[in-house]
Every structure is written in C-alpha cells, then in structure tokens.
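# Structural features, examined
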Amino acid sequence: MSELTLTVMRLGFLAVLWLFVIVAVQVIRSDLFGTRVTQRGSRRTANDARPPQARQNAAAPPQQRQQPGRQRRGAPTKLVVSEGSLTGTTVALQGQTITLGRAHDSTIVLDDDYASSRHARIYPDRDGQWIVEDLGSTNGTYLDRTRLTTPTPVPLGAPIRIGKTVIELRK
Amino acid sequence: MSVVTNTTTIGAIDAPSRRNTELMMMGFAIAISVFAYANVGLAIDGKLPSGMFGYGAGLILLGGVAHLVVRKFAPYADPLLLPLATLLNGLGLVLIWRLDQSQRLIQRAEYLYGEYSPDAPKQLLYSAIGVAFFVAVLVILKDHRILQRYTYISMAVALVLLILPMFFPAVNGAKIWISLGPFTIQPGEFAKILIAVFFSGYLMVKRDALALASRRFMGMYLPRGRDLGPIITIWALSILILVFETDLGTSLLFFGLFVVMLYVATERTSWIVFGLLMSAVGAVGVASFEPHVQSRVNAWLDPFAKATMEQSDQIAQSLMAFGSGGTLGTGLGQGHSDLIMFAANADFILSTVAEELGLAGMMAILLIYGLIVERGVRTALAARDPFGKLLAIGLSGAFAIQIFVVAGGVMGLIPLSGMTMPFLAYGGSSVLANWALIAILIRISDTARRPAPAPAPSPDAEMTQVVRP
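By the naming in an unreviewed UniProt entry, chain B goes by Cell division protein FtsW, lipid II flippase and is assigned to Streptomyces atratus. Reading the Subcellular location (unreviewed entry) entry of the UniProt record for chain B gives the comment "Membrane".

Chain A carries the name FHA domain-containing protein in an unreviewed UniProt entry, which gives Streptomyces gelaticus as its organism.

So, in structure tokens, the structure goes:
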C-alpha cells in the first residue's frame, strides 16, 4: 500500500470522524424545540368581520407610534385586585400579557361564578400603554361603567369589573 | 380604536419523534467503523481485511436491532444517544482488532499463557450480549419511575457488589473482579447504575432537609451537623473501598457521583466544597499508608523514574504514545501503542487512539463522549419528574466521572486506576453495563420528550352563570 494512499486514508478518517461530530451537533441544534412563538394579532376585536389585510393595516395606528415614551412617565407598575374573592392580590406588570378567567392556566385565576373560563386579557401595546380586551365573555368586561366592545387603553386607577371582581392598574 | 399586534401565542410544537434522524446517524456511525476497519487492514496487510464484511454485517445487525427496538418501545427518545454509543462500540472493536494483529502482544501472550486467542471476536460477542441487555432493559422497563420502588434494594445490591471483590484474590494488585466459574466480572460497572438509582430515590425524598436546613456563613450555606450524616457515610464507604480494594477509580466514582447528585438536588455549592475537601483528605490519608495506592501515586508523579519503570512502564509507554501521535496521528494500524503490553486494549485503549489518530482524533472521541453526557444532562433538564431528573443526571454524571478517571489516568493527569473506557475498551462487564446505562437514559428521554397527554377536563369547565338584570 503506497504511502500516499495511507496518508489520504489517515486524514480522511479524521475528517469523517469530525464530520460525524459536526453532524451530531447539528442534530442537537435542530432538536432545540420547545416553544414556538406565532404572531396572532388581535382575534376577537369587534371588527372581526373585516378581512385580515384590513386588520393588519389597522394594527398599528400611526398616532400611537408618534410619541413613544409619552405614556411611560405615568406607566402603571402593578395590577391590583380591589374587590372580589382575590382582594389584595397584586401582579407586577413587566410587559407580559395577563390573562384573567376561571381557566387554570390564566395569570389570575378567578374563583367567580360570573366569570368565563377565558374572560379578558390585559397587555401592553407597542408604546407601553396597557390595553384591556374582552375575550368574548358571557357577562362582559366593564371599564368603569361601560361594557367593553373593543380593546381599550386602561387609565391609571380605573376599575375593571369582571363578574364580582374589580381590578385596577396602579403605579 | 386600537388593534395591537405584539400579542403572541406561545405553544409547544408537536414533538417530532426523530427516529429517521437516528437511523441516518446510525448508518453514518457504522460506515465510520467499517471505514476504520478497512483502514487498519490496508495499513497492516496492504489489503482489505477478510473479516470486513462479517464485521460490518455484525455491526449493522446489532445497530439495526437496537434501532428497531427503540423505534418500537421508545419512539420519542433522544436521536443521538444510540448512534454515539454505536460509534464508540464499533471503533472500540476496530481498535481491539488492530491490537490483536500486533506481533508483540501475540508473542507476549504465547510466552505468558502458552496460547494466544484474539480479543476482538470475544468483544463482538460481548457487544451482542450488551445490545441484548439494551433491548431487554427497554422492553422490560416500561417506565423509569418503577426503579424508584427499588431504592433501598438497589442500595443493598450495590453494596454487595462493591464489597464482594474483597473476598476474591487481587488481580494485578486491585481487587475489583469476582470470578464465577469461567467468567470474571467487574461488579463496579453494574454497581454504578444501582448507586445512581439509590441516590436519586434517596435524594428525591431528603433533598429539602439537605437544602433548607442550613446556616449562612461566609457566603456559603453550612449544613447542620446531623445533615452531614449521609455524606460522611458515603465518604467512609468510599475510603473503605480504597483501602480494601485498593481501587482509586471505583472509590472516586462512588463519592464523586454522590457529591454531583447532592449538588444537583440541593443547589448548594457548599456540598461541592465539602466533597472536594473530604476527597482530598481521604485520598492523601490513604495514600500515606496503603502501599498499592502509594506505588500508583509514585508512578503518576514520576512515570520515568527507574523504580517506576522496573515495576511497570505502562504510564511511560502511554505518554510516549501520546507524544508520538502528534496532532494528526500516525494513522490507524501504524502506531506502536502495543508497547504498553499489558491492558493495551483495555485500560490503555485511549493511548492507541491518541497515537494513531493524534490530538485531532482524540478530541473527536472525547467530544463524542461529551455529547453522550450532554444528551444525558439535556434529558435530565427535560424530564418532568424529579426522580427521572436525578437519575438522568446521576447516570450521565457516573459516565462523565468514569471518562475523567480513565482518560486522566492514561494521560498522567491523575493516578491510574483500574477502570475502563466505556464502550471503547475491551471488557464484558463494561460493555454490558454501559449498554444498560444508555438504555435507561433512552427510556427517561422517551418519557421526557413524549408529547404531554391532553389535559383532563378541568373542574372549572362548568357553565358560567349569566347575570340577569
């Protein structure tokens, strides 16, 4: 067997061995599944009947983007339950969506016969303004005295009523 | 009105089973092994070895059976564990066969025992039994949590396995073998699995006491005196093993595994500090009076000394093999690692890797071991039950410690001990036990990666009452 063949085989074997290691690492990389994040938009707005394009166009009204940081100054930092069986519960607002309802996977699980499983959610929009949205609940979500029909910005301290529960945003 | 887009849905992807990836990797692993076999044959005899097709067919049969069993009994298991183990086993067979061709080793065997029998066919048989073991564990063990029931039984069996070799004559200075008729068994290999089962069952119950009841002192949590009981017991046992069996490896594996699992279970760094201190004290203490351990330490400190060379030149030869391998190695079949003579294809098989594949090949082999450990740790992270988490960490920890002890001993980093490189080295007990270990890891990862069952109808699904004005 010639010297050249042996050298080629020697280096070739090392290359194949390393190729195996690299392929194995690639398998690990493609194996890093866990959660998939999908853009959902706003499903249950009052204007559900509109075609998706229209909804996407409405998705970011320009006037909301013009003055970022304006609302940051008076931004609420926590959500407080002020009436109902959970009175006194607070949840820190850190930019996450807060879901309310009787379902066990809600952020705040309401023990309230008049609340739906997935009743409402509260989330920040792009400018950090907190929005409350009714998720098609049976008895409705009230901001002050008005029943919500569209996602509505929540002013600081305004009571949000869900069944017998009242929550509000505070600094 | 305002409709907002930065709302997202976070949902789990349907976990793919990835069995086809595993099949592809198995094919790759077997191809590499057959290539290595051809490489050795060409380098030694100048022609393709005659046993190549038999060897390849054997590997394909073993790998295929293992893969099909995983497909049937653990469909969501990790796709890498089996191919990595198969590659190591295949390469081990090639290296053992390569050392069988060595004239030096043949002459030595004929001189010492009057006859010579090649080890590679025996290792192939052991591999077949090992894969049978793997299949049996996967088929019988439907759920790893069953092992939790045998926490204390496995402790008792492990203790018996660790103590038994004391009553058998020492082989080459260390008492780690028991002989049953024609077979000699290294019970420490099996004990490591049982010990991991016991530790995970025990720590799952006791970890709160060990983690929470402690005082803070100088930035460290000091455990209460009575909580030190378990670690002191295990320490004393491992010291006893060191004294009576004069085997550093088993002792280090036993104690190191406990410290690793204690740390993982309690998240307290202080256990690692305690563990390191206690093992240092123990090792130095025993080395000061036990002659066999002393000679191992001397051979480690000064492998080229005259006194060491007269006794055994194994470590010196091994270091020379590492050196002559260089970066890219001499090529398979072209090294002189057979100069190690005794245990060249068992404890010292890494020297052959280092000489014939060089630093590049050595790193690849160590990375493959590292990947097995990584998949084990990943399994532990993904496991949903605390027992499975601890068991996966324990098994991969035992695997990692064993690799460290063997590779460190061969490279002269730590004193040499009588353990073998998993899958690569010649030895029936080692191959059998490690295939069983991989099977348990695959079982845990199958449970961990299986998509969660649909949630039971929740009690809050009842009707919402309607407010009537």
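We are not done yet, so read on.
## Comments concerning the overall build of chain B
Tallying secondary structure elements over chain B gives 16 helices and 5 strands in all. Relative to the compact-globule value of 23 Å for 469 residues, chain B shows a C-alpha radius of gyration of 25 Å, a close match. A buried classification covers 50% of the 469 residues belonging to chain B. Within chain B, contacts between residues at least 6 apart in sequence are counted, and of these 73% link residues at least 24 apart.

## Side note on the pairing of strand β4 (residues 98-101) of chain A
Residue and element names in this part refer to chain A. Note: β4 against strand β6 (residues 120-124), 3 bridges, orientation antiparallel. Across the sheet, Ile 98 pairs through a bridge with Ile 122, a residue of β6. Here β4 pairs with strand β5 (residues 108-109) via 2 bridges, running parallel. Across the sheet, Leu 100 pairs through a bridge with Ile 108, a residue of β5.

## A word on the sheet that holds β4(A)
Across the sheet, 5 strands lie side by side as β5-β4-β6-β7-β10 (chain A); this open sheet has mixed pairing. Every other strand in the sheet has two partners, leaving β5 and β10 (152-153) of chain A as the edge strands with one partner each.

## Quick notes on the UniProt feature "domain: FHA" (unreviewed entry) in chain A
UniProt records the feature "domain: FHA" (unreviewed entry) at residues 98-148 of chain A, using the numbering of this structure. Across residues 98-148 of chain A one finds 0% helix and 41% strand; the C-alpha atoms that close the span lie 17 Å apart.

## Looking at the nonpolar core
Looking at soluble globular proteins, one finds that nonpolar side chains tend to be buried together. Counting 141 residues, the largest nonpolar core has B:Leu84, B:Phe134, B:Leu257, B:Met261, B:Leu395, B:Ala436 and B:Ile442 as its most contacted members. Tallying contributions element by element places helix α15 (residues 386-411) of chain B first for this core, with 14 residues. Look past the residues within four positions of B:Ala436 in its chain and what remains in contact with it is B:Phe133, B:Phe134, B:Val137 and B:Ile193. Residues A:Leu79, A:Ile98, A:Ala120 and A:Ile160 belong to the second largest nonpolar core, which totals 19 residues.

## A few points about the sheet that holds strand β12 (residues 165-170) of chain A
All names here are of chain A. Read across the sheet, 6 strands follow the order β3-β2-β12-β11-β8-β9 without closing on themselves; strand pairing throughout is antiparallel. A strand with exactly one partner marks an edge of an open sheet, and here the two such strands are β3 (90-92) and β9 (146-147). As paired elements, strand β11 (residues 160-162) and β12 share 3 bridges and run antiparallel to each other. Of the residues in β12, the one forming a bridge with Ile 160 is Ile 167.

## Quick word on the confidence of the model for chain B
Residues and elements named next belong to chain B. On average, residues of chain B score 85 in pLDDT, and 90% of them reach the 70 mark or higher. When the criterion is pLDDT under 50, residues 1-6 qualifies, and its contacts beyond four places in sequence or with other chains add up to 23 contacts. Here the complex is predicted with pTM 0.75, and the ipTM for its interfaces comes to 0.87.

## A look at helix α14 (residues 349-382) of chain B
Here α14(B) spans only 34 Å end to end across 34 residues, well under the 50 Å set by a 1.5 Å rise per residue. Taken as a whole, α14(B) carries its principal kink of about 125° at B:Gly358.

## A look at the packing of helix α6 (residues 151-163) of chain B against helix α7 (residues 187-212) of chain B
Residues and elements named next belong to chain B. The geometry of α6 relative to α7 is characterised by a closest axis approach of 8 Å and an angle of 150° between their N-to-C directions. Regarding the angle of α6 to α7, the classification is roughly antiparallel. Crossing of α6 over α7 shows left-handed handedness. Here Thr 151, Ser 154, Met 155, Val 157, Ala 158, Leu 161 and Leu 162 of α6 lie close against α7, whose contacting residues are Pro 187, Gly 188, Phe 190, Ala 191, Leu 194, Ile 195, Val 197, Phe 198, Gly 201 and Tyr 202.

## A word on the domain arrangement of chain A
Once the domains are mapped, chain A shows domain 1 (1-27) and domain 2 (76-168). Between the C-alpha centres of domain 1 of chain A and domain 2 of chain A there is a distance of 61 Å.

## Let's talk about the pairing of strand β7 (residues 130-134) of chain A
Residues and elements named next belong to chain A. Counting buried positions over the 5 residues of β7 gives 5, a clear majority of the element. Side chains of β7 alternate between two faces, with Trp 130, Val 132 and Asp 134 and Ile 131 and Glu 133 buried alike. Linking two consecutive strands that pair antiparallel, namely β6 and β7, is a turn of 5 residues; a positive phi of about 85° is found at Gly 128 within it. Relative to β10, β7 runs antiparallel, the two sharing 2 bridges. Of the residues in β10, the one forming a bridge with Ile 131 is Pro 153.

## Re the environment of A:Ser116
With respect to the helices, strands and loops of the structure, A:Ser116 is situated in the loop between β5 and β6. In the structure, A:Ser116 is positioned 19 residues away from A:Leu135 in sequence and 9.1 Å away in space, judged by C-alpha atoms. Residue contacts for A:Ser116: discarding those within four places in its chain leaves A:Gly101, A:Arg102, A:Ser137, A:Thr138 and B:Thr464.

## A look at the confidence of the model for chain A
Confidence in the prediction of chain A, expressed as mean pLDDT, is 76, and 74% of residues score 70 or more. pLDDT under 50 marks residues 41-71 of chain A. Its contacts with residues more than four places away, or in other chains, come to 34 contacts.

## Comments concerning the packing of helix α2 (residues 52-73) of chain B against helix α5 (residues 120-140) of chain B
Two quantities define a packed helix pair, namely the angle between the axes and the distance from one axis to the other. Residue and element names in this part refer to chain B. Put simply, α2 and α5 touch, their axes get as near as 10 Å, and they point 5° apart. Classified by the angle between their axes, α2 and α5 sit roughly parallel to one another. Each of Gly 58, Leu 62, Val 65, Ala 66, Val 69, Val 70 and Phe 73 in α2 lies in contact with α5, whose residues at this interface are Leu 124, Ser 127, Ala 128, Val 131, Phe 134, Val 135, Leu 138 and Val 139. Of the residues assigned to the contact of α2 with α5, the class counts are 13 nonpolar, 2 polar and no charged.

## Remarks on α5(B)
All names here are of chain B. Compared with an ideal rise of 1.5 Å per residue, which puts 21 residues at 30 Å, α5 spans 30 Å between its outermost C-alpha atoms and is within 8% of the ideal. Taken residue by residue, α5 has Ala 120, Gln 123, Leu 124, Tyr 126, Ser 127, Gly 130, Val 131, Phe 133, Phe 134, Val 137 and Leu 138 as its buried positions. Residues of α5 that are buried sit in contact with α2, α3 (81-100) and α16 (428-449).

## Things to note about the environment of B:Phe423
Residue and element names in this part refer to chain B. Within the secondary structure, Phe 423 is located in the loop between α15 and α16. Classification of Phe 423 by C-beta neighbours within 10 Å gives buried; the count is 25. Spatially, the C-alpha atom of Phe 423 lies 10.0 Å from that of Tyr 369, the residues being 54 residues apart in sequence. Sequence-distant contacts of Phe 423, defined by excluding residues within four places in its chain, comprise Ala 85, Leu 88, Asn 89, Gly 92, Val 431 and Asn 434.

Scoring rules and cut-offs
Residues numbered from 1 in each chain as written. Chains lettered and ligands numbered in written order. Predicted model: local features only at pLDDT ≥ 70, side-chain atom pairs only at ≥ 80, totals over all residues. UniProt positions renumbered as here; feature names shortened; annotations may be inferred. Helix = DSSP H or I, 4+ residues; strand = E, 2+ residues; numbered from the N terminus. Rg over C-alpha atoms; globule rule 2.2 N^0.38 Å. Buried ≥ 20, exposed ≤ 12 C-beta atoms within 10 Å, placed from the backbone. Contact = placed C-beta atoms within 7 Å. Pairing = 2+ DSSP bridges. Core = buried A, V, L, I, M, F, W, Y, C linked by C-beta atoms within 7 Å. pLDDT = per-residue confidence, 0-100. Expected span 1.5 Å × (residues − 1). Bend = angle between axes of the 7 residues up to and from the residue. Axes fitted to C-alpha atoms, helices over the stretch in contact; angles between N-to-C directions. Parallel < 35°, antiparallel > 145°, perpendicular 65-115°, else oblique. Left-handed = near helix turned anticlockwise from the far one by under 90°. Domains from an automatic or database assignment. Nonpolar A, V, L, I, M, F, W, Y, C, P; charged D, E, K, R; others polar.

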